[in-house]
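Breakdown of the fold
The lines below spell out each chain.
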Amino acid sequence: MEVILKNLTKKFPSRDKKNRNEVTAVDHFTFEIPDGRLIGLLGPSGCGKSTVLNLISGLLKPTEGSIFFGEDDVTDLPPENRGIGLVFQNYALYPHLTVRQNILFPLENLKGKDRLSKEEMQKKVDEAARLVQIDGLMDRRPRELSGGQQQRVAIARALVKRPKVLLLDEPLSNLDARLRIQTREEIRRIQRETKITTIFVTHDQEEAMSISDLIIVMKDGVVQQIGKPQEVYDSPANLFVAKFLGTPPINVFDGRIRDGRLWIGGDAVLDLKGVMDQEVYVGIRPEGFVLNDKGALGCTLRGVEVMGRDISVVSVNDAAAGPAVRSIVGAEDRLTQEARHKPEGSPIRFDVLPRKVFLFDRRTEEKIDYEVRQRRNGD
Ligand code: ADP
Ligand code: MG
């Protein structure tokens, strides 16, 4: 089922007694969520993600705007008539009911013509349990299950009525790191098998990037960018998005453009076409640095960190916004090996890969497009 949001806005009265201003939790959302896809709704805590989900589910009424499921305007429908499945962070299972009874619960509440026979209900419960692979645990109570298993039960309960739209609000936040990765793969698999349009809310960019067909990045109630995870990563619309995606995070520098050259401090790091002289923010992804003794950008070495298969050179630069510049470099590289033996405080130089370098307007923080001009010999 396609989900279409038109101008969707939600304002809350202020909780702060001194400050009477309203909070605009969701600010004019207009976009279409395509049918059968898994959408990651991503942003920092408090940016309005849960509010969007609760508007789609019908638990909240919008201040303005409308919501369509396919052709149907559902804006005024109560949650139980929208055909949605909901999963929250805290599994919210009934503690006194078994797994089977928990999953059965939504079916038992069906009224009138929707009511199923006992056999049909059991069949659906078994199907949902098999789908999330908890069919061996049907007679346990929630407290006899691990967090991951409880969350599977919650997902089965949300799926048992075959919802048109599945809404997941930070479903993995209570799980430990390994289980989180495993369960997110499960959610991906379940979504692929059922093809139910799914909206997955998280503040964890890696989580959203790893399982979503599309991500929606939001900040302060406003959509910042919508796209395939890799496209958003490779072409962030603004500084906020660039900083929000990627681990380690993008490195930001104060830079300036003069006569077709991009300068960071006293170093001309790229030759550009099509950009006016101006002050800019320069974002360079950690994988955009290449060690080179004659490289364009000079930094001062702080250390070399080995984290599993990644090696990062940590250095400082006066024009960097953060306390350190973090680059991911080739483990087998001769220069990486040399850097590991250099004392702290040594000068170190990098070339930068243009497709990993983004420029942002100092005032609007929007991305500035540019083309790279090849340097001629002796230029
Ligand atoms: P997220 O899920 O991204 O962390 P929320 O949607 O929960 O964010 O909240 C968005 C903003 O709306 C926050 O500033 C929050 O304080 C405010 N907010 C959420 N629910 C209410 C409410 N019921 N009353 C007042 N303010 C609210
Ligand atoms: Mg939330």
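Owing to the predicted nature of the structure, the values given are computational and were not obtained by experimental measurement. (Residues numbered from 1 in each chain as written. Chains lettered and ligands numbered in written order. Predicted model: local features only at pLDDT ≥ 70, side-chain atom pairs only at ≥ 80, totals over all residues. Heavy atoms only, no water.)

1. Describing the overall build of the chain
A count of helices and strands for the chain gives nine helices and 22 strands. In terms of overall dimensions, the chain has a C-alpha envelope of 85 × 45 × 45 Å along the principal axes. Across the 379 residues in the chain, those meeting the buried criterion constitute 49%. Long-range contacts, defined here as pairs at least 24 residues apart, represent 67% of the contacts in the chain between residues at least 6 apart. (Helix = DSSP H or I, 4+ residues; strand = E, 2+ residues; numbered from the N terminus. Buried < 20%, exposed > 50% of the residue type's maximum accessible area, 1.4 Å probe, protein only. Contact = heavy atoms within 4.5 Å.)

2. Overview of the sheet that holds strand S1 (residues 3-12)
Strand order in the open sheet formed by four strands is S2-S1-S4-S5, and the pairing between neighbours is antiparallel. Looking along the sheet, the strands with just one partner apiece sit at the ends: strand S2 (23-33) and strand S5 (72-73). Note that S1 and S2 share seven bridges and pair antiparallel. By the bridge assignment for S2, leucine 8 is matched with phenylalanine 29. Packed onto the sheet, helix H1 (residues 49-57) meets S1, S2 and strand S4 (64-69) and runs at close to 120° relative to S1. (Pairing = 2+ DSSP bridges. Axes fitted to C-alpha atoms, helices over the stretch in contact; angles between N-to-C directions.)

3. Some words on a negative patch on the surface
A contiguous patch of negative charge, built from Glu71, Asp72, Asp73 and Asp76, is present on the exposed surface. Note on aspartate 72: relative accessible area 47%, which makes it partly exposed. (Patch = residues over 30% accessible without salt bridge, like charges linked within 9 Å, V, L, I, M, F, W, Y side chains within 5 Å. Areas by Shrake-Rupley, 256 points an atom, 1.4 Å probe, with all protein chains shown as cover. Salt bridge = Lys/Arg side-chain N within 4 Å of Asp/Glu carboxyl O. Lys, Arg positive; Asp, Glu negative; His and termini not counted. Charge placed at Lys NZ, Arg CZ, Asp CG, Glu CD.)

4. Comments concerning the site of ligand 1
Around ligand 1, the structure places 13 residues, and the nearest of them are Gly46, Gly48, Lys49, Ser50 and Thr51. Here lysine 49 contributes a side-chain N or O atom positioned 2.8 Å from an oxygen atom of ligand 1. One nitrogen or oxygen atom from the side chain of serine 50 is found 2.8 Å from an oxygen atom belonging to ligand 1. Calculation on ligand 1 without its partners gives an accessible area of 560 Å², and the protein chains cover 70% of this total. For the shell around ligand 1, the secondary-structure elements that each account for two or more residues are S2 and H1. The dominant element in the shell around ligand 1, judged by the number of residues it contributes, is H1, at three residues. Looking at side-chain class alone, the shell around ligand 1 contains six nonpolar, five polar and two charged residues. (Near = heavy atom within 4 Å. Polar contact = N/O pair within 3.5 Å; in protein donor to acceptor, adjacent residues only side chain to side chain. Nonpolar A, V, L, I, M, F, W, Y, C, P; charged D, E, K, R; others polar.)

5. Points about the packing of aromatic side chains
Under the criterion given, the structure shown has four aromatic pairs. Between the aromatic rings of tyrosine 94 and phenylalanine 105, the centroid separation amounts to 4.6 Å while the plane-to-plane angle is 45°, which identifies the pairing as tilted. Residue tyrosine 94 is found in the loop between strand S6 (84-87) and helix H2 (99-108), and its partner phenylalanine 105 is found in helix H2; the two are separated by eleven residues along the sequence. When the ring centre of phenylalanine 68 is taken as origin, the NZ or CZ atom of lysine 6, which lies over that ring, is 4.2 Å away. The ring of tyrosine 281 carries arginine 362 above its face, with NZ or CZ at 5.0 Å from the centroid. (Phe/Tyr/Trp six-rings, centres within 6.5 Å; stacked < 30°, edge-to-face > 60°. Lys NZ or Arg CZ within 6 Å of the ring centre and 35° of its normal.)

6. Here we look at the pairing of strand S11 (residues 251-258)
The pairing of S11 with strand S14 (residues 278-284) spans seven bridges and is classified as antiparallel. Looking at the pairing, isoleucine 257 lines up with glutamine 278 of S14. In the sheet, S11 pairs with strand S12 (residues 261-264) via three bridges, with the strands oriented antiparallel. Considered in S12, the bridge of arginine 256 is made with tryptophan 263. Counting the residues between successive antiparallel strands, the hairpin from S11 to S12 contains two residues, one of them, aspartate 259, with a positive phi of roughly 50°.

7. What about the domain arrangement of the chain?
The domain architecture assigned to the chain consists of domain 1 (3-238) and domain 2 (248-372). Interface area for domain 1 against domain 2, summed over the two sides, is near 630 Å², with a carbon-plus-sulfur share of 45%. The largest contributions to the domain 1 side of the interface with domain 2 come from Tyr233, Pro236 and Asn238, which together make up 70% of the buried area. For the interface between domain 1 and domain 2, the tally reads zero salt bridges. Our count for the contact surface shared by domain 1 and domain 2 stands at four residue pairs in polar contact (both at pLDDT 80 or more). (Domains from an automatic or database assignment. Buried area = accessible area lost by both parts, 1.4 Å probe.)

8. What about the sheet that holds strand S22 (residues 371-372)?
Read across the open sheet, the seven strands follow the order S21-S20-S14-S11-S12-S13-S22; overall the sheet is antiparallel. Bordering the open sheet on either side are strand S21 (367-368) and S22, each of which pairs with just one other strand. Sheet analysis places strand S20 (residues 357-361) next to S21, joined by two bridges and oriented antiparallel. Within S21, the residue paired with phenylalanine 360 across the bridge is lysine 367.

9. Describing the nonpolar core
Nonpolar side chains tend toward joint burial in soluble globular proteins. Counting 36 residues, the largest nonpolar core has Ile103, Ile134 and Leu159 as the members making the most contacts within it. Contributing elements (two or more residues each) for this core: H2, helix H3 (118-131), helix H4 (147-159), strand S7 (165-169) and helix H5 (177-194). The element contributing the most residues to this core is H4, with six residues. Apart from the residues within four sequence positions on either side, leucine 159 is in contact with Leu131, Val132, Leu166, Ile190 and Ile196. Judged by nonpolar contacts, the second largest core, of 32 residues, contains Cys299, Leu301, Ile311 and Phe350. (Core = buried A, V, L, I, M, F, W, Y, C linked by side-chain atoms within 4.5 Å.)

10. What about the pattern of salt bridges?
Across all of its chains, the model carries 20 salt bridges by this definition. A salt bridge links glutamate 338 to arginine 334; the shortest N-O distance between them is 2.6 Å. Placement of the pair is glutamate 338 and arginine 334 together in helix H9 (residues 334-341), with a separation of four residues, close to one helical turn. Overall, glutamate 338 belongs to the partly exposed group, its relative accessible area being 33%.

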